[in-house]
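# Coordinate analysis (summary)
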Amino acid sequence: MKRLFILVAGCALLAGGVRAAPVSNRVYDAYFLGFETDPAMDYGGRNITTLHSLACRGISWAARTERFPFVAPAYEFILAGGLSVVQHEVYGHGSRAREFNLDPEYGFGLDFSGWTSIGKDPADNEQNIMLAGGGTEADSILAHRILRDLYTGDGADGSKIPLMAIAKLDFSLYCLITPDPNDSPDDFSEEYNGGNDIAYYLVSRQAQRRRADAGDVWNNDYPIDFNDSKLRDNYDEVQQAALWNLCDPAALAAMYGYVTDHVLRGKTQVRPPVIPLGGGFGMTAGTRAFIGPEEVTRFLDLYWVTPGPLVTVYGRDLSNPLNRTYGWGGGLYGLPVLPGVSFGVAGDTWQVPDSEEGLYDGSGWNAVGELETLLFGRFGLSCKVGAKSAGFFPGTPMDSGLYGGAGLLVSF
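This write-up is about the structure you can find in this document. Because the structure is a prediction, the values reported are computed rather than measured. (Residues numbered from 1 in each chain as written. Predicted model: local features only at pLDDT ≥ 70, side-chain atom pairs only at ≥ 80, totals over all residues. Heavy atoms only, no water.)

### What to know about the packing of aromatic side chains
Taken as a whole and judged by the stated rule, the model has twelve aromatic pairs. Each ring, one from phenylalanine 77 and one from tyrosine 258, has its centre 5.9 Å from the other, and the planes form 85°; the classification is edge-to-face. Here phenylalanine 77 is found in helix α3 (residues 72–99), whereas its partner tyrosine 258 is found in helix α10 (residues 249–263), with 181 residues between them in sequence. What makes phenylalanine 77 partly exposed here is its relative accessible area of 26%. Look at tyrosine 258 and you get buried, because its relative accessible area is 1%. Considering the side-chain rings of phenylalanine 290 and phenylalanine 299, the 5.7 Å spacing of their centres and the 75° angle between planes classify their relative orientation as edge-to-face. Phenylalanine 299 matches phenylalanine 290 in its accessibility class, with the two residues each being buried. Through pairs of rings, three or more aromatic residues link up here, namely Phe290, Phe299, Tyr314, Trp350 and Phe393. The side chain of arginine 57 reaches across the aromatic face of tyrosine 28, ending 3.9 Å from its centre. (Phe/Tyr/Trp six-rings, centres within 6.5 Å; stacked < 30°, edge-to-face > 60°. Helix = DSSP H or I, 4+ residues; strand = E, 2+ residues; numbered from the N terminus. Buried < 20%, exposed > 50% of the residue type's maximum accessible area, 1.4 Å probe, protein only. Lys NZ or Arg CZ within 6 Å of the ring centre and 35° of its normal.)

In structure tokens form, the structure reads like this:
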């Protein structure tokens, strides 16, 4: 792990000092409206990104902020804060609740607060665990999709970068503000009773190990065992994952490009700086983290950037107090196959760690392909089809089988 950290830190330093090739200006990304089988975190996130981009573009046009691009963060970050909450609740907790047929309902406050309620108690503690983790999971899926777009081809709208940043921070900040159950059991209990996702996640995993009643956990009637060493160990793993998620050179480089190109120079599109390899090729690295039903998992992504498609590979660990296993995968995105038609494909495999939660075992896999058309540069379709084994892989159903989505694209 020390070597991985050194590699990521080195990439961050190099990425900060190298400029990407100039990209075209005043070209807006196509807008998307679509649906996906639950959990609809990916295409739901694309819907949220479209709302954010349209709102930012509308404000820019109405207020003529193109002449004063330095004011853009004032509304781009505010809109990102509000819409990331919608992603967290509707396409995060809500997506998992819809996947489990739990009839979710939502509420939002003017202070950027949000909550999700369900019409039925969860059937088991696995559902409790996935409901708790779904909010930060969905925001992380949204952030990663935007990052991929930024490093593909000519880049992406700079206005999307605040949404990426706020969505990515959601997981880390939520983990870091959660009290330590060992040092502050009363505070931890208060957070669990008050709906803190991370506290609820940790309690649900303990309840799964004890085979406790899922309804008691959901209704805050479960007596937390603070003498459980694995509760403390899981908390420590979550905190480490939160810090790993923050150490993301690709996201930091995107923020650098946002300030220098979008805010100071008024460019519509941003392609973040990368380590140059010559001929328009380059590379950078990124970090992600998620909380699963019986493990905390951390990703180390490597991005090979080309003048057209983006190539990614990653390795990850899956860790719990009993065992640590590993997985790997990669993808090819934005590959032109015909004029106005591009294709993407990704595959993943991993070994499920042994655990006291005892939910899954063996190995897991996931494969997905995505096709996009934008004919005459104006109208098109986007669709994806995937298949996976049973178990947790971020942003996909828990059951084995097919999943997919489709949507409309329009550019103006």
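### What about helix α6 (residues 185–193)?
For α6, every residue scored as buried is listed here: Phe188, Ser189 and Tyr192. Viewed end-on, α6 has its buried residues packed into an arc of 100°, placing them on one side of the element. Opposite its buried face, α6 presents the exposed residues Asp186 and Glu190, each directed more than 90 degrees away. The elements touched by buried residues of α6 are α7 (197–210) and α8 (214–218). (Arc of directions from axis to C-beta. Contact = heavy atoms within 4.5 Å.)

### Here we look at a nonpolar patch on the surface
A cluster of nonpolar side chains, namely Leu169, Leu173, Leu176, Leu243 and Leu246, defines an oily patch on the protein surface of about 410 Å² accessible area. When contributions to the nonpolar patch are tallied by element, the ones reaching two or more residues are α5 (160–176) and α9 (229–246). Counting residues per element, the nonpolar patch draws most heavily on α5, which supplies three residues. (Patch = residues over 30% accessible without salt bridge, like charges linked within 9 Å, V, L, I, M, F, W, Y side chains within 5 Å. Areas by Shrake-Rupley, 256 points an atom, 1.4 Å probe, with all protein chains shown as cover. Salt bridge = Lys/Arg side-chain N within 4 Å of Asp/Glu carboxyl O.)

### Focus on the packing of α3 against α5
At a closest axis distance of 8 Å, the pairing of α3 and α5 adopts a crossing angle of 55°. Here α5 runs oblique to α3, going by the angle between their axes. At the point where α3 passes α5, the crossing takes the right-handed sense. The segment α3 lies against α5, with Glu76, Phe77, Ala80, Gly81, Ser84 and His88 engaging Pro162, Leu163, Ile166, Asp170 and Tyr174. When its residues are assigned to classes, the contact of α3 with α5 shows six nonpolar, three polar and two charged. (Axes fitted to C-alpha atoms, helices over the stretch in contact; angles between N-to-C directions. Parallel < 35°, antiparallel > 145°, perpendicular 65-115°, else oblique. Left-handed = near helix turned anticlockwise from the far one by under 90°. Nonpolar A, V, L, I, M, F, W, Y, C, P; charged D, E, K, R; others polar.)

### Re the sheet that holds strand β6 (residues 275–278)
With antiparallel pairing, ten strands are arranged side by side in an open sheet as β1-β14-β13-β12-β11-β10-β9-β8-β7-β6. Each edge of the open sheet is held by one strand with a lone partner, namely β1 (31–36) and β6. With direction set aside, neighbouring strand axes in the sheet form an average angle of 15°. Two elements, strand β11 (residues 341–351) and strand β12 (residues 363–373), share eleven bridges in a ladder whose sense is antiparallel. Bridge pairing in β12 places valine 345 opposite glycine 369. Strands β7 (281–291), β8 (296–305), β9 (310–319), β10 (324–338) and β12 of the sheet are contacted by helix α4 (residues 125–150), whose axis makes an angle of about 175° with β7. (Pairing = 2+ DSSP bridges.)

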